[in-house]
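Here is how the chains run, residue by residue.
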Amino acid sequence: MTEKLIFQHSRTGRTATAQYPAVSATAEVPEKLRRKKRPMLPEVSELQAVRHYTRLSQRNFSIDTHFYPLGSCTMKYNPRACNQFAMLPEFLNRHPLAPDATGQGYLACMYELQEMLKDVTGMHSVSLTPMAGAQGEFAGVAMMRAYHKSRNESHRDELIVPDAAHGTNPATATMCGCKVVEIPSLPSGDIDLEALQKAVGPNTAGIMLTNPSTLGVFERRIKQMAKIVHDAGGLLYYDGANLNAILGKVRPGDMGFDVIHMNLHKTFSTPHGGGGPGAGAVGVSPRVAPFLPLPIVGKENNSYRWLTEKDLPQSIGRLSGFMGNAGVLMRAYIYMRMLGKQGMSRVAEYAALNANYLLARLRQAGFDPAYPERRASHEFIITLKRQARELNVNAMDFAKRLLDYGFHAPTTYFPLLVPECLLIEPTETEAKEDLDGFVDALIEIQREAETDAAKVKGAPYTLPVRRLDDVRAAKQLDLVWRS
Amino acid sequence: MPFIPHTEDDVREMLAVIGAPDINTLFEEIPADLRAQGLTQVPDALTEMQIGQLMQRRAAQDGTYLNFIGAGAYQHHIPAAVWAIVTRGEFYSAYTPYQAEASQGTLQLLYEYQTMMASLTGMEVSNASLYDGASALSEACLMAVRANRKSQSAKFLLPSNVNPTYCKVAKAIAGNQNLQFETIHFDASGLVTLDALKQYATDDITALVIQQPNFFGQLEDVDALTDWAHAKGAMVIAVVNPTSLAILKPPGEWGSAGKGADIVVGDGQPLGVPLASGGPYFGFITTRMEYVRQMPGRIIGRTVDMEGRQGFTLTLQAREQHIRRGKATSNICTNQGLLVTAATIYMAITGATGLENIAIMSQQRCKELVESLTAIKGVKAAFTGSRFHEAVILLERNVGEVLSTLLKHGIVGGYDISAHYPKLGNALLVCTTEMNSSEDIAAYAKALAEILND
């Protein structure tokens with residue numbers, strides 16, 4: 001069933017008058033600066049709008065409705081309390097530029113959030129400003145550049161990035177004016193240390209690493225890697241995409257990382273919102289602390305205030321119009337307080353238990369782990385190379401068929417170096433029976449692939465649409481509706 | 001265990017399947033000397049009731065004030081239906097619509113959003129959001145370097161009456177790729193004039209940035225500025241307030257030939273997003289079709305499925321980091337989807353008529369405020385021309401001190417811009433929306449008069 005566009009519900013003159021003021025005046029705008037033709041916005045009743053968007057919402061999979069094992073995205077339960085308390089009216093109505101005196105309650109939460117994040121990451125200082133993981137990465141690499149520049153080593157502009165890295169890593173390097181030096185992973189999933197040793201040199205700014213890596217395994221020789229990079233004068237950057245795997249178990253600061261970003265919308269359970277908002281707080285070691293992005297919450301004599309350029313003259317500057325994604329940070333704060341001290345390491349423990357259990361069950365069911373010798377971290381990779389070759393049913397086909405069985409698909413075709421891969425991250429908030437249901441579905445799809453491959457290749461059948469014509473979408477661009 | 005469903009039986013059975021004696025064994029690949037010791041700064045867990053009580057106390061501590069600050073974030077009425085729908089789990093707890101078939105709700109909404117923003121700004125295409133208005137300006141500058149093939153300089157003209165934080169952010173973000181920003185000064189009316197641009201007549205300029213209304217709330221002569229830029233091969237990047245576009249000429253029609261601005265950005269916060277101490281908001285960016293491949297961020301396209309039915313999907317992904325990696329148009333991945341959801345529902349409910357009335361009322365209230373305040377001895381308006389809903393007020397006293405005293409009257413009286421613009425003197429940027437009643441304005445004027453006559 002196609003759902004009409006909101007514009008197709010419009011009737012000229014229909015409007016929701018309870019929602020805006022009646023005015024008798026006209027706009028006081030000089031003729032040449034005035035709008036002549038009204039924008040094409042919907043002309044619908046409030047009920048029509050409510051019904052339309054409620055119906056659209058029902059055309060989504062979400063954590064609240066479906067198991068959503070999207071690898072590298074940490075789709076765990078988003079406690080409702082975090083939303084409700086972050087949306088208390090006093091918090092919502094406060095203007096970001098209102099005096100600090102009007103925001104002491106809010107600032108206290110932010111200050112305590114900074115302290116808790118320092119503790120769980122082992123970093124010296126934290127800034128909450130970056131608005132998503134990629135902006136956190138940007139802040140991190142910009143700080144590394146600023147650090148080298150402060151030591152008269154501006155020429156250090158090479159960033160070492162493993163081949164399995166997220167696309168944001170090399171994209172960030174470019175945005176910071178750095179060159180990317182890619183190094184390979186070994187068949188075991190670890191980084192090739194010899195290649196790393198060859199890659200470092202006098203122009204090395206640092207290395208960007210995720211640990212556990214995007215291959216779903218812990219980088220066991222992290223200390224040797226830290227030494228190689230540090231000896232070469234570079235810094236270690238930790239991409240916190242996979243922090244859920246090690247929360248409370250290992251701290252990036254203790255592994256030797258100088259700069260990290262955290263994805264609060266992953267590890268600390270703030271909502272993903274259909275593509276954001278996120279929050280990409282950054283943490284640093286003492287030598288990088290002077291370069292943190294602004295603002296940061298400071299505490300003096302039991303009162304809180306935003307630090308400015310005067311407090312941190314070497315800062316890389318500001319990355320947002322105000323204070324970053326304040327309301328997201330509030331949700332992360334509430335979540336961390338509800339987990340408490342003991343709850344932090346439980347996150348990693350049960351995320352690992354769920355991932356290793358799923359891996360073991362799928363392996364027993366005949367699926368091929370990409371790294372069979374390794375423990376799963378909080379996620380793992382299944383490769384469907386064999387199915388693609390023997391049955392002509394690939395990872396995309398399995399993913400689409402899973403939707404029919406009521407499961408959101410895992411991440412597909414990432415990391416790129418594992419062919420026909422499914423990157424599966426169950427998170428700690430899923431119950432055993434839901435994991436079992438997912439395994440049963442994959443077993444059933446495998447059986448279908450063996451007996452009726454066309455059925456799997458034609459999936460999905462039960463969703464609002466079947467497979468979409470992406471080529472047409474890109475070639476016959478239709479990006480806005482015209483009546 | 002908060003949010004962890006496992007029973008002891010579950011754990012036992014799962015470990016048996018894994019073949020591990022206990023959960024800690026699962027971490028055996030981590031070198032022993034790296035294992036974390038206990039945490040010291042994370043307190044013991046709170047129940048939902050306890051954290052609720054704590055947050056209520058903290059919220060009460062922050063209190064409630066009459067607000068007259070704008071400066072890039074604006075308090076508008078938000079229909080109750082907006083956040084009731086936004087916080088439905090199906091929107092709230094979904095992610096980027098990678099599996100299009102299982103995300104048609106989010107995708108169709110984003111397509112509708114793109115349509116609304118393109119129409120509001122008078123442009124042809126929109127993306128699905130950037131982080132906020134400030135970072136959107138940075139992205140627009142980086143985009144202009146790619147899109148303006150006539151220019152080799154990566155040099156931008158950035159008037160000082162563009163939001164000063166936006167300027168700082170542009171330098172912090174885009175400065176890393178060696179973009180240069182030349183500051184253009186405003187005249188006695190608070191506006192950018194052709195005279196101020198004259199010295200760049202023969203320079204290679206990638207783009208001129210124009211904020212309308214500018215940071216002071218004044219209306220720029222956008223046609224003349226656009227013509228000047230286009231005549232010399234520079235692009236025009238418009239920074240706009242979406243509410244104002246209900247009554248102001250859309251950037252897509254700027255210039256005497258109506259060719260329009262090339263890239264339009266701004267903060268979408270006024271469209272149904274609460275102030276909330278600074279975020280999350282969202283940035284918007286719209287442009288002409290010819291530049292769509294240079295635009296950063298997610299873009300949604302309408303297409304058909306294998307049975308010919310209408311469907312929506314992420315498109316032009318070859319611009320993005322997960323495909324293009326180091327050669328992507330931006331490193332942006334997660335954007336501000338949920339806030340776009342709010343804005344789309346907000347625009348659907350208010351419609352063009354509602355948005356227009358909100359804009360007119362905001363402007364009327366500002367006029368009322370300026371008249372009330374400047375009737376007080378020692379208070380005058382810095383500039384006289386046409387405004388939208390903000391104005392710069394000059395005082396004879398230190399602005400910070402006056403604002404502190406106003407706070408004791410329960411009034412957040414505006415944003416002190418004296419430090420940003422020392423030449424203006426004791427300058428206060430004030431703002432009104434439809435939320436500031438005539439009574440609020442009278443209360444503000446009365447309090448200010450008392451303070452200044454002390």
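Engineer: Could you give me a rundown of the overall build of chain B, with the residues and numbers involved?
Structural biologist: Check the secondary structure of chain B and you find 13 helices and 15 strands. Taken along its principal axes, the extent of the C-alpha atoms in chain B is 80 × 55 × 50 Å. Considering chain B as a whole, with its 454 residues, one finds that 63% of them fall into the buried category.

Engineer: Please give an account of the domain arrangement of chain A that cites residues and values.
Structural biologist: Its domain assignment divides chain A into domain 1 (6-57), domain 2 (81-339) and domain 3 (346-457). Each of domain 1 of chain A and domain 3 of chain A was reduced to a C-alpha centroid, and the two centroids are 47 Å apart.

Engineer: Please provide a residue-by-residue account of helix α9 (residues 222-231) of chain B, values included.
Structural biologist: Here α9 of chain B has its buried residues at Val222, Leu225, Thr226, Trp228, Ala229 and His230 of chain B. In this structure, the buried residues of α9 of chain B make contact with α8 (194-197), β5 (207-212) and β6 (235-240) of chain B.

Engineer: I'd like a rundown of the interface of chain A and chain B, residues and numbers included.
Structural biologist: Every contact between the two is made by 173 residues of chain A and, on the other side, 168 residues of chain B. Considering every element that reaches the side of chain A that touches chain B, the biggest residue donor is helix α11 (residues 326-364) of chain A, with 22 residues.

Engineer: Explain the pairing of strand β3 (residues 179-183) of chain A residue by residue, including any values.
Structural biologist: Residues and elements named next belong to chain A. For strand β2 (residues 158-162) and β3, the ladder comprises 5 bridges, and the chain directions are parallel. Directly across from Leu159, in β3, lies its bridge partner Val180. In this view, the connection linking β2 to its parallel neighbour β3 by way of helix α6 (residues 168-175) has right-handed handedness.

Engineer: Tell me about the domain arrangement of chain B, and please be specific about residues and values.
Structural biologist: Interfaces are often sized by the accessible area lost when the parts come together. Residue and element names in this part refer to chain B. On domain assignment, one finds that chain B holds domain 1 (66-76 + 355-452) and domain 2 (80-344). Taking only C-alpha atoms into account, the centre of domain 1 sits 28 Å from that of domain 2. Facing the 24 residues of domain 1 at the interface are 20 residues of domain 2. Put simply, the parts of the chain that give the side of domain 1 that touches domain 2 at least two residues each are α11 (337-374) and β12 (390-394). The element best represented in the side of domain 1 that touches domain 2 is α11, accounting for 6 residues.

Engineer: An account of the sheet that holds β6 of chain B is needed here, citing residue identities and associated values.
Structural biologist: Pairing between the strands of a sheet is mediated by backbone hydrogen bonds and can be parallel or antiparallel. Read across the open sheet, the 7 strands follow the order β2-β8-β7-β6-β5-β3-β4 (chain B); overall the sheet is mixed. Of all the strands in the sheet, the pair left with one neighbour each is β2 (125-126) and β4 (180-184) of chain B.

Engineer: Give a description of the packing of α11 of chain A against helix α1 (residues 8-18) of chain B that names residues and reports values.
Structural biologist: Closest axis-to-axis distance for the α11 of chain A/α1 of chain B pair is 8 Å, and the angle between their directions is 50°. Of the possible angle classes, the one that applies to α11 of chain A and α1 of chain B is oblique. Judged by the sense of rotation from one axis to the other, the crossing of α11 of chain A with α1 of chain B is left-handed. Between α11 of chain A and α1 of chain B, the contacting residues are Leu353, Asn356, Tyr357, Ala360 and Arg361 of chain A on the first element and Val11, Met14, Val17 and Ile18 of chain B on the second. Within the contact of α11 of chain A with α1 of chain B, the residues separate by chemical class into 7 nonpolar, 1 polar and 1 charged.

Engineer: I'd like to hear about the pairing of strand β9 (residues 303-306) of chain A, residue by residue, with values.
Structural biologist: It is a general feature of regular strands that their side chains alternate between the two faces of the sheet. Looking at chain direction, strand β8 (residues 297-300) of chain A and β9 of chain A are connected through 4 bridges and run antiparallel. Bridged to Lys299 of chain A within β9 of chain A is Tyr304 of chain A.

Engineer: So what's going on with unusual backbone geometry? Which residues, and what values?
Structural biologist: Here the amide bond leading from Gly276 of chain A into Pro277 of chain A is cis, since omega sits at 10°, within 30 degrees of zero. With respect to the helices, strands and loops of the structure, Pro277 of chain A is situated in the loop between α10 (264-267) and β7 (282-284). Cis rather than trans, the peptide bond between Gln212 of chain B and Pro213 of chain B has omega equal to -15°. At Asn152 of chain A, a position not held by glycine, the phi torsion is positive, near 60°. With respect to the secondary-structure elements, Asn152 of chain A resides in the loop between α5 (133-150) and β2. Although it is not a glycine, Ala71 of chain B adopts a positive phi angle of roughly 55°. Assignment of secondary structure puts Ala71 of chain B in the loop between β1 (66-67) and α3 (80-86).

What counts, and at which threshold
- Residues numbered from 1 in each chain as written.
- Chains lettered and ligands numbered in written order.
- Predicted model: local features only at pLDDT ≥ 70, side-chain atom pairs only at ≥ 80, totals over all residues.
- Helix = DSSP H or I, 4+ residues; strand = E, 2+ residues; numbered from the N terminus.
- Buried ≥ 20, exposed ≤ 12 C-beta atoms within 10 Å, placed from the backbone.
- Domains from an automatic or database assignment.
- Contact = placed C-beta atoms within 7 Å.
- Pairing = 2+ DSSP bridges.
- Right-handed = clockwise from strand over helix to strand, strands pointing away.
- Axes fitted to C-alpha atoms, helices over the stretch in contact; angles between N-to-C directions.
- Parallel < 35°, antiparallel > 145°, perpendicular 65-115°, else oblique.
- Left-handed = near helix turned anticlockwise from the far one by under 90°.
- Nonpolar A, V, L, I, M, F, W, Y, C, P; charged D, E, K, R; others polar.

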